[in-house]
Amino acid sequence: MDERLHHWINWILYDELMDGKINAPKHLLGNHDFGDGQVITCYKPHSSGVSIKTPAGKTLTPMEKVGEDGFYGIYFPKKKFKGSNYHFVTEYYDGTSVDTADCYSFDGQITDYDAYLFAEGKNYDIYNKMGAHPMTIDGVKGTYFAVWAPDARRVSVVGDFNMWDGALNPMQIHPASGIYELFIPDVLPGAVYKFQILTRFGEILYKADPYGNQDQVRPDNANIVADLSYNWKDTEWIEKRKEMSRVDRIKQPMSIYECHLGSWKKKVEDSDFGFFTYRELAKMLGDYVTEMGYTHIELMGIAEYPFDGSWGYQVTNYFAPTSRYGVPTDFMYFVDEMHRRGIGVILDWVPAHFPRDAHGLGRFDGMPLYENADPRKGEHPDWGTYIFDYGRNEVINFLTSNALFWVEKYHIDGLRVDAVASMLYLDYGKRDGEWVANKDGGKENLEAIALLQNINKVMEERNPGAYLIAEESTAWPGVTAPADMKGLGFLFKWNMGWMNDFLEYMKLDPYFRKFNHNRLTFSLSYTYSENYILVISHDEVVHLKCSMLNKMSGLEFDKFANLRTAYGFMCGHPGKKLLFMGQEFAQLREWSEARSLDWYLLDDPKHKGMQDFVKDLNHMYTRYDALYYNDNDVMGFEWMKVDDADSGIVAFVRRGKTAKDQLLFICNFVPVERKGYRIGVPCISSYKEILSSDDPKYGGLGRNNKKAIKAEAEPCDRMKNSIVLDVPPLSVTVMKYDFKE
């Protein structure tokens, strides 16, 4: 062996390399200056020989074999190769030859400033560095890999490009940050990979990339190198979104169609696959949502998850749209197409917990990393999942950058944050002894609160017009108050209180509703405390809760009439709206992710009538700003009739920007027709019926008020003026009027 080469080699690192324990391979491998010359080394196990050449050169210089385990080196008295400007030609005993650049000759991409910001929890662009990124460095195409694993002894990239051999591509640790990185030449989009981690205890783990952008289709769970380049065509949409202030967004209409892509429609029923692709769904779903008059679509769990039955709420890869329906650019096309049609896209996002799957985030580098080490803080006993460590800056960075990632890379308009209550309360779902109080002795999770406030604040700063929605099921104050006013900073909150009370009311036999009148009216006592979205979500039509139609009392005709009345009241009640797919045509069965919705029901006029009714409600909602503009202003709603529980009738008005086109809702929740029924009204005006759920086209009997009704100066319901009309049983009637002094 050349003495100069022998003198240069760090034999401790050499032993670590041979033992598979090296975490700083660039200190041993690659191109290194040595005096006036240079040393180049490589590790090519199972090879018969290695030569070195310039990328375009034909002259091969054999490298010296050091030992019998595949380590090679060469000393040049003068510096012959600059940086990565050379290739290895590796010969194998079977006669094959591989020509490739040296992965240990390329500079890392993680700067000291990157590492500093990451450690501070403020490197919000870290998704551009972490993960797997196809790129060209020094004219060489390949993929740059980076992963955070501070407690690992060694991390290697393994994949279909290196026979899944952890000895071939050990990664270089960045000083003090715990980030490992490596650029591997000739690894291109489509390559399959994982990280092989040697723990401090000698265990070998195969982990999916936490920042990976594409996964294999389950049950396989490795990552796929993905190119996220896409030619977006929604510039006008995004620019318009940026111009909308917080107040502007609150005053816009929102009628949301909540959707599970895999079961909205399926190509093949009774199949674990048989899914339509993102691109196919963009056309089909886009056409349907547009026709139905929805303004937004909310997608249940899109971030990659292994188990279909989790519906996407047990996430293993937070930066990858599920591969069940296509590749990342297919999902980009889906969002782009929705924007072209004027449909906003909301994504369900799950920062509250993550599953224990062996390839996922749990015990990622052999130690608790993304989860809190204390099981009283780091585990959900009821769910069997891990809780993120909201007090660790790098975890804060992971979650914050992930929220930004979906908005900035995929142009998502809003994130609906799942299970916020479980984040806010340290004792959520836990018994005494299973949780730890905060520093003040309380049960509030101060670290999670700070995280949510910061995400909302940063989102508003970086992506004006994008927003977060809280699924928060308690009475936590200030969920939608700005963070600088000590609120959580969300733009909207799901109104779970209204949903629970209203559905319990609608389940009752009409005779008993008069004894539960407050369930119908109580929500108006707090409706202005937050910016609310009224929701009847997927959670209400699963786990033996019945479909919406089968929640209703009575025989079939009354069930449909009840449901139309419920949807009509929901449309008139202050707050944005959300219905889960299938509810719009009165799906009979509970929802299951394993099958398509029962679209054949639309051959039945009763179900088609329900679909037409919801469609007309949506179009009425977007046409009349009285139904949304003043959702959060007391002048936007006023009861006309609220205390006649025995009659089962409530009436109220909705007001918009002007005195014109104000709306009067009359809802009858009992199966009794009220002829010549007097209702107080706000002014002497002409009241014209614009929608009745009893219309025959919806499945009713046509007991409509076909002529406009002139108000009289007859006091009623605390009003100076009133109208007399016929109110059909189990119905909602909507009348338009212009306010006159």
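Treat the numbers as computed from the prediction; the structure is a model and nothing was measured. (Residues numbered from 1 in each chain as written. Predicted model: local features only at pLDDT ≥ 70, side-chain atom pairs only at ≥ 80, totals over all residues. Heavy atoms only, no water.)

A. Up close: the overall build of the protein. A count of helices and strands for the protein gives 18 helices and 36 strands. Oriented by its inertia axes, the alpha-carbon framework of the protein measures out at about 110 × 55 × 45 Å. Every one of the 741 residues in the protein was classed for burial, and the buried ones make up 61%. A sequence separation of at least 24 residues applies to 72% of the contacts in the protein between residues at least 6 apart. As displayed, the protein offers around 28,800 Å² of accessible surface, 51% of which is attributable to carbon and sulfur atoms. The positive charge centre, built from 84 side chains, and the negative charge centre, built from 105, are 6 Å apart in the protein. (Helix = DSSP H or I, 4+ residues; strand = E, 2+ residues; numbered from the N terminus. Buried < 20%, exposed > 50% of the residue type's maximum accessible area, 1.4 Å probe, protein only. Contact = heavy atoms within 4.5 Å. Areas by Shrake-Rupley, 256 points an atom, 1.4 Å probe, with all protein chains shown as cover. Lys, Arg positive; Asp, Glu negative; His and termini not counted. Charge placed at Lys NZ, Arg CZ, Asp CG, Glu CD.)

B. Representation of the side chain of Glu337 within the structure. With respect to the helices and strands, the residue Glu337 is situated in helix H8 (residues 328-340). A polar contact is formed between the side chain of Glu337 and the side chain of Arg341, at a distance of 3.0 Å. (Polar contact = N/O pair within 3.5 Å; in protein donor to acceptor, adjacent residues only side chain to side chain.)

C. Fine view of the pairing of strand E13 (residues 179-185). The element E13 is largely enclosed, with a buried count of seven among its seven residues. In E13, alternate side chains face the same way, and those of Ile179, Glu181, Phe183 and Pro185 on one face and Tyr180, Leu182 and Ile184 on the other are all buried. The pairing of strand E10 (residues 140-148) with E13 spans seven bridges and is antiparallel. Each residue of the ladder has a partner; that of Trp148, found in E13, is Ile179. With two bridges connecting them, strand E12 (residues 172-173) and E13 associate as antiparallel partners. (Pairing = 2+ DSSP bridges.)

D. Main features of helix H10 (residues 393-410). A rise of 1.5 Å per residue sets the reference length of H10, with its 18 residues, at 26 Å; its end C-alpha atoms lie 25 Å apart and thus fit the reference within 8%. By the largest-angle criterion, Leu404 marks the main kink of H10, which is about 30°. Burial analysis of H10 places 15 of its 18 residues in the buried class, the great majority of the element. His411, located one to two residues past H10, shows a positive phi value of around 60°. (Expected span 1.5 Å × (residues − 1). Bend = angle between axes of the 7 residues up to and from the residue.)

E. A look at the sheet that holds E10. Pairing is antiparallel across the open sheet formed by four strands, whose spatial order is E9-E10-E13-E12. Sheet topology places strand E9 (131-137) and E12 at the edges, where each strand pairs with a single neighbour.

F. Inspection of the sheet that holds strand E7 (residues 87-92) at higher detail. Across the sheet, four strands lie side by side as E4-E3-E7-E8; this open sheet has antiparallel pairing. At either margin of the open sheet sits one strand with a lone partner, and together these are strand E4 (61-62) and strand E8 (97-101). As defined by bridge partners, strand E3 (residues 47-53) adjoins E7 across six bridges and the pair is classed as antiparallel. The residue of E7 that forms the bridge with Ile52 is Phe88.

G. Looking closely at the packing of helix H13 (residues 496-507) against helix H17 (residues 556-572). Interaxial distance between H13 and H17 falls to 11 Å at its minimum, and their mutual angle equals 155°. For the element pair H13 / H17, the angle class is roughly antiparallel. As H13 packs across H17, the resulting crossing turns out to be right-handed. For the pair H13 and H17, the contacting residues are Trp498, Phe502 and Met506 in the first and Asn562, Ala566, Phe569 and Met570 in the second. Here the contact of H13 with H17 is built from residues that sort into six nonpolar, one polar and no charged. (Axes fitted to C-alpha atoms, helices over the stretch in contact; angles between N-to-C directions. Parallel < 35°, antiparallel > 145°, perpendicular 65-115°, else oblique. Left-handed = near helix turned anticlockwise from the far one by under 90°. Nonpolar A, V, L, I, M, F, W, Y, C, P; charged D, E, K, R; others polar.)

H. Local environment of the environment of Gly429. The topology assignment puts Gly429 in the loop between helix H11 (420-424) and helix H12 (446-462). The residues contacting Gly429, other than those within four sequence positions of it, are Pro381, Asp382 and Glu434.

I. Up close: the side chain of Glu530. Looking at the secondary structure, you find Glu530 in the loop between helix H15 (517-521) and strand E27 (532-536). We note that Glu530 is buried and unpaired, the nearest opposite charge coming from Lys493 at a distance of 4.8 Å. At a separation of 2.9 Å, a polar atom in the side chain of Glu530 contacts the main-chain amide nitrogen of Val479. A distance of 2.5 Å separates a polar atom in the side chain of Glu530 from a polar atom in the side chain of Thr480. With residues near it in sequence (within four places) discarded, Glu530 still touches Trp476, Pro477, Gly478, Val479, Thr480, Ala481, Lys493 and Asn632. (Salt bridge = Lys/Arg side-chain N within 4 Å of Asp/Glu carboxyl O.)

J. H12, seen in detail. For H12, built from 17 residues, the straight-helix expectation of 24 Å at 1.5 Å per residue is met to within 8% by its first-to-last C-alpha distance of 24 Å. Along H12, the positions that sit buried rather than exposed are Ala448, Ile449, Leu451, Leu452, Gln453, Ile455, Asn456, Val458 and Met459. Buried residues along H12 sit against strand E21 (344-349), H10, strand E24 (414-417), H11 and strand E25 (467-470).

K. Representation of unusual backbone geometry. Cis peptide bonds are those with omega within 30 degrees of zero, and the linkage from Arg218 to Pro219 qualifies with 15°. Following the sequence through the fold, Pro219 ends up in the loop between strand E15 (204-207) and strand E16 (223-224). Even without being glycine, Trp164 reaches a positive phi, approximately 55°. Within the element layout of this structure, Trp164 appears in the loop between strand E11 (154-159) and E12. Since its relative accessible area comes to 35%, Trp164 is described here as partly exposed.

L. Here's a closer look at a nonpolar patch on the surface. On the surface, Tyr511, Phe512 and Phe515 cluster together into a nonpolar patch covering about 360 Å² of accessible area. Looking at the element boundaries, Phe515 is found in the loop between helix H14 (510-513) and H15. Taking relative accessible area as the criterion, Phe515 reaches 53% and is therefore assigned exposed. (Patch = residues over 30% accessible without salt bridge, like charges linked within 9 Å, V, L, I, M, F, W, Y side chains within 5 Å.)

M. Region of interest: the packing of aromatic side chains. Enumeration over the complete set of coordinates arrives at 62 aromatic pairs. Their ring planes at 85° and their centres at 5.5 Å tell us that Tyr278 and Tyr325 sit as a pair that is edge-to-face. Here Tyr325 lies in the loop between strand E20 (317-321) and H8 and Tyr278 lies in helix H7 (residues 278-292), a separation of 47 residues in the sequence. Each member of the pair, Tyr278 together with Tyr325, is buried. On the numbers, 5.1 Å between centres and 85° between planes, the contact of Phe637 with Trp639 is edge-to-face. The residues Phe637 and Trp639 share a single accessibility class, namely buried. Between the NZ or CZ atom of Arg324 and the centre of the ring of Tyr305, over which it lies, the distance is 3.8 Å. Over the ring of Tyr505 we find Arg513; its NZ or CZ atom is 5.5 Å from the centre of that ring. (Phe/Tyr/Trp six-rings, centres within 6.5 Å; stacked < 30°, edge-to-face > 60°. Lys NZ or Arg CZ within 6 Å of the ring centre and 35° of its normal.)

N. Region of interest: the packing of helix H3 (residues 112-120) against H10. In contact at an axis separation of 6 Å, H3 and H10 are set at 95° when each is read in the N-to-C sense. Relative to H10, the element H3 lies roughly perpendicular. Contact residues: H3 offers Leu117, Phe118, Ala119 and Glu120, while H10 offers Asn393, Glu394 and Asn397. In terms of residue class, the contact of H3 with H10 is made up of three nonpolar, two polar and two charged.

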